[in-house]
Amino acid sequence: MHGGNIYDNRIRLDFSVSINPLGIPEEVERALSASLCHADCYPDPENRALRDALAERFHLTPGKILVGNGASELIPAIVRAVQPKSALLVSPSFSGYERALAAAGITPCLFPLKEEQGFVPGEDFLVALEREKPGIVFLANPANPSGALTKRRFLLAAADLLAAWDGVLVCDECFLALSGRKEESVLAKPEEFLKRANLVMLNAFTKTFAIPGIRIGFAAFSSEELAEKTALQLPEWNLSVPAEEAGLACLSVPDSYLKDSVTLIRRERAALAKALTDLGASAYPSEGNFLLFRWNRDQDLYQILLDQGILIRDCRDYRGLSKGYYRIAVRRKEENAELIRCLAGIAGKGIPGA
């Protein structure tokens, strides 16, 4: 269901989780270390310092910001707060949305994205919205697992349609910072975000700052009423002292860290895509720090690589995908080169570009 399962196998390279290849910033490491001195204290149940800092970053009031033990804690909390009678999900998409809906007794309507359109929702998706009139919709931007980017204007148009029947649009932007396309965020223009009462922006520090083991997610709400209802669905002290301190440190990391990250990811992503294509695989356009591809050979690529100590994401369990689809993270040049070397051996070819 998820990547990152390094506990059942001996793994030397993990390409199954898509986190920043530059690693944890020094500022965050120092904050985590220093926070242990306060492990004998309860966290602030209101998470005021972090919520204030996030509100300032996004030009919102703190009452419209919530933080959670990863974005995964916030997803079911939002569903319980909205109490929708129906939902619409695109497929393929992150399984956590359907899991949260299932826990609330909701079977979503699924809208299959077209491979030939790069897995990007188009006008037919808006038609489906009007037809189904769902109470809640989740859209990731960039999408998981495809990495496809959806334009902000399209997301706002979807939100406007949903508003006619009080439907809520949750935009999951957990991978957006590493795409370098912040202009496509629904919060790129806060005044437009706040004009609508049915928008939620979901995010996390996990991928952006390479700290998946420190669970810190956050959400921005256009409606303070919905934020308050969602807060009631969260447990007290859901964020530890180290997590809150790490989140604050993430917000203090110099802009150069993200700029360098985006530069590295774009360069290495292009190199990986070319190498995969040269090996006969079908690599799909991505704006994320990962690539979806189809291995056009009758081989269990996941198991073959696992036997070599390399973990990738087998995507056959994504709705809308099947055997032969895989997702790999974009890592540092030497790690990516090792993956391609192994893939070339599996394909019975020389190393592309060598």
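Look up a bit, the structure's there.
Residues numbered from 1 in each chain as written. Predicted model: local features only at pLDDT ≥ 70, side-chain atom pairs only at ≥ 80, totals over all residues. Heavy atoms only, no water.

Undergrad: I would appreciate a short explanation of the pattern of salt bridges in the present structure.
TA: Two side chains with opposite charge may pair up if their charged atoms get near one another. In this structure the tally under the stated criterion is 22 salt bridges. A salt bridge links aspartate 314 to arginine 316, with the shortest nitrogen-to-oxygen separation between them at 3.0 Å. With a relative accessible area of 13%, aspartate 314 lands in the buried category. Here the residues in one salt-bridge network are Lys151, Arg181, Glu183, Glu184 and Glu287, joined through shared partners. (Salt bridge = Lys/Arg side-chain N within 4 Å of Asp/Glu carboxyl O. Buried < 20%, exposed > 50% of the residue type's maximum accessible area, 1.4 Å probe, protein only.)

Undergrad: Is there a simple way to explain the pairing of strand β4 (residues 109–112) in this structure?
TA: For a regular strand, side-chain orientation follows a simple rule: the groups alternate between the two sheet faces. Pairing of strand β3 (residues 87–91) with β4, which is carried by 4 bridges, proceeds in the parallel orientation. Bridging across to β4, valine 90 finds its partner in phenylalanine 111. For the crossover from β3 across helix α4 (residues 95–103) to β4, the handedness is right-handed. (Pairing = 2+ DSSP bridges. Helix = DSSP H or I, 4+ residues; strand = E, 2+ residues; numbered from the N terminus. Right-handed = clockwise from strand over helix to strand, strands pointing away.)

Undergrad: What is the right way to look at the nonpolar core in this model?
TA: Burial of nonpolar side chains together is a common tendency in soluble globular proteins. If you look at the biggest cluster of nonpolar residues, it comprises 54 residues, and the most contacted ones within it are Leu54, Phe125, Leu169 and Phe205. It is helix α6 (residues 152–163) that provides the largest number of residues to this core, a total of 6 residues. (Core = buried A, V, L, I, M, F, W, Y, C linked by side-chain atoms within 4.5 Å.)

Undergrad: I tried to follow unusual backbone geometry on my own but got confused; where do I start?
TA: Backbone geometry follows two general trends: most residues other than glycine have a negative phi, and most peptide bonds adopt the trans configuration. Looking along the chain, the bond that leaves serine 91 and enters proline 92 is cis, with omega of 5 degrees. Within the secondary structure, proline 92 sits in the loop between β3 and α4. The omega angle of the peptide bond from asparagine 144 to proline 145 is 20 degrees, so this bond is cis rather than trans. Of note in this structure, asparagine 47 is not a glycine but carries a positive phi near 50 degrees. Looking at the secondary structure, you find asparagine 47 in the loop between α1 (26–35) and α2 (48–58). What makes asparagine 47 buried here is its relative accessible area of 4%. Phi is positive for lysine 133, which is not a glycine, with a value near 50 degrees. One can find lysine 133 in the loop between α5 (123–132) and β5 (136–140). What makes lysine 133 partly exposed here is its relative accessible area of 46%.

Undergrad: Is there a simple way to think about the sheet that holds strand β10 (residues 290–294) in this case?
TA: Paired through their backbone hydrogen bonds, the strands of a sheet run either parallel or antiparallel. What the 4 strands build is an open sheet, ordered β9-β10-β13-β12; its pairing is antiparallel. With one partner strand each, in any of the chains shown, β9 (282–283) and β12 (313–314) form the two edges of the open sheet. Here β10 runs beside strand β13 (residues 325–329); their pairing, made up of 5 bridges, is antiparallel. Note on β13: the bridge partner recorded for leucine 291 is isoleucine 328. With respect to the sheet, helix α10 (residues 255–278) is in contact with β9, β10 and β13, its orientation differing from that of β10 by roughly 10 degrees. (Contact = heavy atoms within 4.5 Å. Axes fitted to C-alpha atoms, helices over the stretch in contact; angles between N-to-C directions.)

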